Amino acid sequence: MPSLEIKFAILGIFLIAHFTAFYKKWYYTRPYIDTITHFLGGLAVGAFIKDWGIAIALIVAWEFLEMMMVSKYWRAFRETPLNKIQDTLFGLLGFFIAVDVF
């Protein structure tokens, strides 16, 4: 079983990637970064949560939360339905990889 340090390192990598992308506004200028951060988020979820039902619910709930955060002033979460599906699938992919490895 991997150490807690490795699990927190995965969480740290996800948080660094997300906050760097947010700070540098890469979510607006480099759309592929969103896919990467969803994958890393799925890895982080899988490192800590082993219950498939809870993890899948969290990943899907995040996409619904993104839809609720859309406003005319905040365009970061305005995504196409195809992008929502892609984000969910990459989050789940990260989870399924992490749950088997960690």
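Heads up: the structure comes first, above all this text.
Everything quoted here is computed from the prediction, not taken from an experiment.

K.L.:
I tried to follow the overall build of the protein chain on my own but got confused; where do I start?
P.N.:
Each helix and strand in the protein chain was counted, giving 5 helices and 0 strands. Of the regular secondary structure in the protein chain, the N- to C-terminal order runs α-α-α-α-α. Reported as C-alpha extents along the three principal axes, the dimensions of the protein chain are approximately 45 × 30 × 20 Å. With 102 residues in all, the protein chain has 32% of them scored as buried. Of the accessible surface of the protein chain, which amounts to about 6600 Å², a share of 75% is contributed by carbon and sulfur atoms. Side chains of the protein chain carry 9 positive and 8 negative charges; the gap between the two charge centres is 12 Å.

K.L.:
Even after reading the chapter, I still don't get helix α5 (residues 81-101), so can you show me in this structure?
P.N.:
One turn of an α-helix holds 3.6 residues; hence residues three or four places apart share an orientation. An ideal rise of 1.5 Å per residue puts 30 Å on 21 residues; α5 measures up with 30 Å between its terminal C-alpha atoms. When we look at burial in α5, the residues that qualify are Asn83, Lys84, Asp87, Thr88, Gly91, Leu92, Gly94, Phe95, Ala98 and Val99.

K.L.:
So what exactly am I meant to see when it comes to the side chain of Asp87 here?
P.N.:
Secondary-structure assignment places Asp87 in helix α5. The side chain of Asp87 sits in the buried core without any salt bridge; Lys84 is the nearest counter-charge, 5.5 Å away. With near-sequence residues (within four places) excluded, Asp87 lies in contact with Asp34, Thr35, His38, Glu63, Glu66 and Glu79.

K.L.:
Help me understand the packing of helix α4 (residues 52-68) against α5 in this model?
P.N.:
Where α4 contacts α5, the axes come no closer than 10 Å and their chain directions differ by 155°. Here α4 lies roughly antiparallel to α5, going by the angle between them. In this structure, the crossing between α4 and α5 has a hand that is right-handed. For the pair formed by α4 and α5, the contact residues are Trp52, Ala55, Ile56, Ile59, Val60, Glu63, Glu66 and Met67 on the first element and Lys84, Asp87, Thr88, Gly91, Leu92, Phe95, Phe96 and Val99 on the second. Each residue belonging to the contact of α4 with α5 can be placed in one class, and the counts come to 10 nonpolar, 2 polar and 4 charged.

K.L.:
Hey, could you run me through the nonpolar core in this one?
P.N.:
A general feature of soluble globular proteins is that nonpolar side chains tend to end up buried together. In this structure, Ile10, Phe14, Leu40, Leu43, Ala44, Ala47, Ala98 and Phe102 together form the largest nonpolar core, which totals 8 residues. Of all elements in the fold, only α1 (4-23) and α3 (32-48) reach the threshold of two or more residues within this core. Sorting elements by how many residues they give to this core places α3 first, with 4 residues. Discounting residues that sit within four places of it in the chain, Leu43 has contacts with Ile10, Gly94, Phe95, Ile97 and Ala98. Counting 6 residues, the second-largest nonpolar core is a separate cluster that includes Ala55, Ile59, Leu92 and Val99.

Reading the values: the criteria
Residues numbered from 1 in each chain as written. Predicted model: local features only at pLDDT ≥ 70, side-chain atom pairs only at ≥ 80, totals over all residues. Heavy atoms only, no water. Helix = DSSP H or I, 4+ residues; strand = E, 2+ residues; numbered from the N terminus. Buried < 20%, exposed > 50% of the residue type's maximum accessible area, 1.4 Å probe, protein only. Areas by Shrake-Rupley, 256 points an atom, 1.4 Å probe, with all protein chains shown as cover. Lys, Arg positive; Asp, Glu negative; His and termini not counted. Charge placed at Lys NZ, Arg CZ, Asp CG, Glu CD. Expected span 1.5 Å × (residues − 1). Salt bridge = Lys/Arg side-chain N within 4 Å of Asp/Glu carboxyl O. Contact = heavy atoms within 4.5 Å. Axes fitted to C-alpha atoms, helices over the stretch in contact; angles between N-to-C directions. Parallel < 35°, antiparallel > 145°, perpendicular 65-115°, else oblique. Left-handed = near helix turned anticlockwise from the far one by under 90°. Nonpolar A, V, L, I, M, F, W, Y, C, P; charged D, E, K, R; others polar. Core = buried A, V, L, I, M, F, W, Y, C linked by side-chain atoms within 4.5 Å.

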